[in-house]
Amino acid sequence: MKEKVIQVKTFTPKPHDLSHEWYIIDATDVVLGRLSVQVANLLRGKNKPTFAPHADGGNFVIVINADKIALSGNKLAKNLYQHSGYPSGLRADSYAELLEKNPERIIRSAVKGMLPKNKLAKVQLGRLRVYAGAEHPHTPNQPQVVEISQVSQQAK
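Since this is a predicted model, take the numbers as computed values, not measurements.

Before going further, it helps to examine the side chain of Asn65. Within the element layout of this structure, Asn65 appears in the loop between strand E2 (60-64) and helix H2 (75-78). Polar side-chain contacts of Asn65 include one of 3.4 Å to the backbone nitrogen of Ala134.

Pairing between sheet strands relies on hydrogen bonds along the backbone, with the strands arranged either parallel or antiparallel. The strand order E5-E2-E1-E6 describes an open sheet built from four strands, whose pairing is parallel. A single partner strand is all that each edge strand has here, and the edge strands are strand E5 (128-130) and strand E6 (144-146). Going across the sheet, the axis of each strand differs from the next one's by a mean of 25°, ignoring polarity. Of the strand pairs in this sheet, strand E1 (residues 22-26) and E2 are connected by five bridges, and their pairing is parallel. The partner of Ile25 across the bridge, within E2, is Val63. Packing of helix H1 (residues 32-44) onto the sheet brings it into contact with E1, E2, E5 and E6, and relative to E2 it is tilted by some 155°.

Right, let's get into the pattern of salt bridges. Taken as a whole and assessed by the stated rule, the structure comprises two salt bridges. For Glu21, the salt bridge goes to Lys48, with nearest N and O atoms at 3.1 Å. Of the two residues, Glu21 is situated in the segment before E1 and Lys48 in the loop between H1 and E2; the sequence distance between them amounts to 27 residues. The class for Glu21 is partly exposed, based on a relative accessible area of 26%.

With a phi close to 55°, Asn65 is a non-glycine residue in the positive phi region. For Asn65, a relative accessible area of 7% puts it in the buried group. Phi angles above zero are rare outside glycine, and Gln142 is one such case at about 50°. Its relative accessible area of 66% is what places Gln142 among the exposed residues.

Inspection of every chain in the model, using the stated rule, returns one aromatic pair. When the ring of Trp22 is compared with that of Phe60, the centres are 4.3 Å apart and the planes differ by 5°; the resulting orientation is stacked. Of the two residues, Trp22 sits in strand E1 while Phe60 sits in strand E2, which places them 38 residues apart along the sequence. The same class applies to Trp22 and to Phe60, which are both buried. A cation over a ring is seen here: Arg127 above Phe60, with NZ or CZ 5.4 Å from the ring centre.

Attention now goes to the environment of Gly45. By secondary structure assignment, the location of Gly45 is in the loop between H1 and E2. The class for Gly45 is buried, based on a relative accessible area of 2%. As a C-alpha pair, Gly45 and Gln124 span 79 residues in sequence and 9.4 Å in three-dimensional space.

Parameters at a glance
Residues numbered from 1 in each chain as written. Predicted model: local features only at pLDDT ≥ 70, side-chain atom pairs only at ≥ 80, totals over all residues. Heavy atoms only, no water. Helix = DSSP H or I, 4+ residues; strand = E, 2+ residues; numbered from the N terminus. Polar contact = N/O pair within 3.5 Å; in protein donor to acceptor, adjacent residues only side chain to side chain. Pairing = 2+ DSSP bridges. Axes fitted to C-alpha atoms, helices over the stretch in contact; angles between N-to-C directions. Contact = heavy atoms within 4.5 Å. Salt bridge = Lys/Arg side-chain N within 4 Å of Asp/Glu carboxyl O. Buried < 20%, exposed > 50% of the residue type's maximum accessible area, 1.4 Å probe, protein only. Phe/Tyr/Trp six-rings, centres within 6.5 Å; stacked < 30°, edge-to-face > 60°. Lys NZ or Arg CZ within 6 Å of the ring centre and 35° of its normal.

So, in structure tokens, the structure goes:
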């Protein structure tokens, strides 16, 4: 007897299937790596059943309290953020200096490193909004709160 083979077609999301929700994450006492993974997954849309790596089904993500982020180990004094983004723009800033001057840059560069290296990543990174304080101008978009349960063990 012959068995009937059932072929399942791969789902490819159409433009009308894609939606971009708004999420908000409080970065207070959250370790940078754990925060970056959550943000990168939300930006890519991996939390949706319609996820496809080639389709832009990502979300908007707002990160508040970027200046209160936790870094594990001795990264505040030891590690250096080493490029300004311009040609021949090599400069060395410690994470402690950047945390005071521009904490948004730390989170943005960590998330950028966790996105795929293609043209879609630039679009997805454009949906990331990072703010040093607790206020943000995106309340009319009614963002959903995302809780990160694992906070730093070194919380003050």
